[in-house]
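As a plain string of letters, each chain reads:
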Number of protein chains: 2
Amino acid sequence: MARQDDILELETFLPYRLYHLADLVSREFARVYKDRHGLTRPEWRTLSGLGQCGAMTAKALGEQSAMHKTKVSRAVAELERRRWLTRSPDEKDRRVEHLALTKAGLAAYRDMVPLAKAFERELLARINELDRGALTVALDAVEAALSFTPPDADNEGVAAGDDGRRRVRQG
Amino acid sequence: MARQDDILELETFLPYRLYHLADLVSREFARVYKDRHGLTRPEWRTLSGLGQCGAMTAKALGEQSAMHKTKVSRAVAELERRRWLTRSPDEKDRRVEHLALTKAGLAAYRDMVPLAKAFERELLARINELDRGALTVALDAVEAALSFTPPDADNEGVAAGDDGRRRVRQG
DNA sequence: CCATAATGGTTACATCCGTAACTATCGAAA
DNA sequence: TTTCGATAGTTACGGATGTAACCATTATGG
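Here the structure is a predicted model, which means the values were calculated and not measured.

A. Spatial organisation of the interface of chain B and chain A. In this assembly, 69 residues from chain B lie in contact with 70 residues from chain A. Here chain B packs against chain A, burying approximately 7,200 Å² in sum over the two surfaces, 65% of which is carbon and sulfur. When the area that chain B buries against chain A is broken down by residue, the three leading residues are B:L8, B:R17 and B:Y19, summing to 11%. Counting across the interface, chain B meets chain A through 5 salt bridges. In this structure, B:E143 engages A:R17 in a salt bridge whose closest nitrogen and oxygen atoms are separated by 3.3 Å. For the pair chain B and chain A, the number of links is 21 residue pairs in polar contact (both at pLDDT 80 or more). Taken together, the elements giving at least two residues each to the side of chain B that touches chain A come down to α1 (14-37), α2 (41-53), α5 (103-125) and α6 (129-147) of chain B. Here the element with the most residues in the side of chain B that touches chain A is α1(B); it accounts for 17 residues. The class makeup of the residues in the side of chain B that touches chain A is 35 nonpolar, 11 polar and 23 charged.

Here it is in structure tokens:
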């Protein structure tokens with residue numbers, strides 16, 4: 001029974017497997033926002049974050065959508081160049097800028113939301129009810145397991161403050 | 001009950017969530033092979049693939065470890081530079097090279113295996129038995145769901161020929 | 001009030017990555 | 001045998017990324 005102990009089976013190695021799956025899914029979804037609007041992933045996340053939350057600071061955006069601050073900075077710069085968002089200075093603290101989508105930005109967001117939901121729906125549709133439940137449980141569990149491991153600060157590795165269990169939208 | 005339908009909740013959006021988790025895990029594990037041997041991910045996968053399978057061609061390596069052929073090419077070049085692997089021409093087909101680890105490469109591999117296993121073990125240890133089961137089921141299910149979607153060929157998106165269900169090593 | 005540290009955000013640089021184009025070889029068909 | 005298309009692998013090039021250094025501003029502590 002004892003598995004060979006000096007060999008690692010890459011195909012079943014959790015970090016590899018998880019990354020590979022995520023990469024496939026993410027790459028496939030990237031086609032949607034790339035083909036449609038020529039967005040990079042950080043740009044898509046920025047659009048999505050602002051669409052969801054309204055005005056935010058760059059810092060808040062980075063925390064909400066798990067992006068390194070340089071990614072945020074660049075994504076914001078690009079969306080600003082497109083006139084999809086505007087910055088407005090904070091009255092109290094002049095280091096801070098509040099970001100918000102313009103009409104054009106909002107339009108792009110509104111265009112993307114149904115596509116994103118459809119993508120997720122179609123992916124989940126290929127998984128049966130039971131396994132979908134397992135997926136939710138599993139994601140929650142791994143997330144919880146990671147949040148025990150403070151990933152030596154700074155950012156990008158922020159497990160986003162635990163505000164209770166997350167659910168994969170069903171159906 | 002009806003969720004707001006013009007807003008996407010990024011934190012629960014499957015592609016985002018999956019990618020973010022995988023990124024955290026992968027990044028954390030990357031510290032192991034990076035700190036220890038200064039390897040990149042493609043280099044680690046190459047080492048791992050060759051350690052696991054013995055001699056392989058670059059093409060087989062790419063399929064086994066889900067890497068684009070340019071990544072394989074570069075990783076192999078670097079490991080060769082370190083004298084961790086050698087190439088030997090195929091007798092029948094002179095386009096093909098067979099790759100194999102040298103003593104030094106094998107030593108590095110043997111050094112990494114226990115670390116990789118320990119990393120996985122410690123991560124899984126933070127997840128209870130039941131959720132671990134759910135994780136296995138979920139990964140299998142998503143993998144299966146993806147293999148329905150032929151990701152327009154070429155490579156990198158190869159869902160590795162389905163040789164039966166995979167299991168996350170338990171314990 | 002001043003010095004120092006912390007914070008929000010940007011930028012420079014080196015590296016990594018994917019697309020596409022390339023070389024070399026092989027197989028098949030004429 | 002010649003030609004043409006596929007295949008193994010490399011490379012050139014532009015774009016994306018992370019680290020670290022940076023600027024400006026604000027908080028802290030004497």
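B. Inspection of the side chain of B:K117 at higher detail. Structurally, B:K117 is set in helix α5. The residues touching B:K117, leaving out its near neighbours within four places in the chain, are A:Q4, A:D5, A:I7 and A:L8.

C. Main features of the protein's contact with DNA strand D. Close to DNA strand D lie 23 residues, the nearest being A:K71, A:R74, B:K59, B:S73 and B:R87. Sugar plus phosphate, as a fraction of atoms of DNA strand D within 4 Å of the protein: 61%. Interatomic distance of 3.4 Å between a side-chain N/O atom of A:K71 and a phosphate oxygen of DNA strand D. Between DNA strand D and the protein, one listed contact pairs a phosphate oxygen with a backbone N or O atom of B:K59 at 2.6 Å. Sorting the residues of the surface near DNA strand D by element identifies α4 (69-81) of chain A together with α3 (58-64) and α4 (69-81) of chain B as the ones contributing at least two each. Among the elements that take part in the surface near DNA strand D, α4(B) stands out by supplying 4 residues, more than any other. A breakdown of the residues in the surface near DNA strand D according to their chemical character gives 3 nonpolar, 6 polar and 14 charged.

D. Representation of the protein's contact with DNA strand C in the model. Near DNA strand C there are 23 residues, and of these A:K59, A:R87, A:R95, B:K71 and B:R74 occur at the shortest range. Protein-adjacent atoms of DNA strand C, using a 4 Å cutoff, are sugar or phosphate at a proportion of 58%. Taking A:R27, its side chain carries an N or O atom lying 3.0 Å from a phosphate oxygen of DNA strand C. A distance of 2.5 Å is found between a base oxygen of DNA strand C and a side-chain nitrogen or oxygen belonging to B:R74. When contributions to the surface near DNA strand C are tallied by element, the ones reaching two or more residues are α3 (58-64) and α4 of chain A together with α4 of chain B. With 4 residues, the top contributor of residues to the surface near DNA strand C is α4(A).

E. Quick peek at the environment of A:K59. Summarising the element assignment, A:K59 is placed in helix α3. In the structure, A:K59 is positioned 14 residues away from A:S73 in sequence and 9.4 Å away in space, judged by C-alpha atoms.

F. Representation of the sheet that holds strand β3 (residues 97-101) of chain A. Residue and element names in this part refer to chain A. Sheet architecture is open: 3 strands sit in the order β1-β3-β2, paired in antiparallel fashion. Lying at the two open borders of the sheet, with one neighbouring strand each, are β1 (56-57) and β2 (85-89). Where β2 lies against β3, 5 bridges are found, and the strand directions are antiparallel. By the bridge assignment for β3, S88 is matched with H98. In the packing of α4 onto the sheet, contacts are made with β2 and β3, and the angle to β2 comes to roughly 110°.

G. Representation of the packing of helix α6 (residues 129-147) of chain A against α6(B) in the model. Where α6(A) meets α6(B), the closest approach of the two axes is 7 Å, and the angle between their N-to-C directions is 120°. It follows that α6(A) is oblique to α6(B) by the angle criterion. In this structure, the crossing between α6(A) and α6(B) has a hand that is left-handed. Taken together, the residues of α6(B) that come into contact with α6(A) (itself represented by A:D131, A:A134, A:L135, A:V137, A:A138, A:A141 and A:V142) are B:D131, B:A134, B:L135, B:V137, B:A138, B:A141 and B:V142. By residue class, the composition of the contact of α6(A) with α6(B) is 12 nonpolar, no polar and 2 charged.

Conventions adopted
- Residues numbered from 1 in each chain as written.
- Chains lettered and ligands numbered in written order.
- Predicted model: local features only at pLDDT ≥ 70, side-chain atom pairs only at ≥ 80, totals over all residues.
- Heavy atoms only, no water.
- Contact = heavy atoms within 4.5 Å.
- Buried area = accessible area lost by both parts, 1.4 Å probe.
- Salt bridge = Lys/Arg side-chain N within 4 Å of Asp/Glu carboxyl O.
- Polar contact = N/O pair within 3.5 Å; in protein donor to acceptor, adjacent residues only side chain to side chain.
- Helix = DSSP H or I, 4+ residues; strand = E, 2+ residues; numbered from the N terminus.
- Nonpolar A, V, L, I, M, F, W, Y, C, P; charged D, E, K, R; others polar.
- Near = heavy atom within 4 Å.
- Pairing = 2+ DSSP bridges.
- Axes fitted to C-alpha atoms, helices over the stretch in contact; angles between N-to-C directions.
- Parallel < 35°, antiparallel > 145°, perpendicular 65-115°, else oblique.
- Left-handed = near helix turned anticlockwise from the far one by under 90°.

Keep in mind that these numbers describe shape and distance, not what the molecule does.
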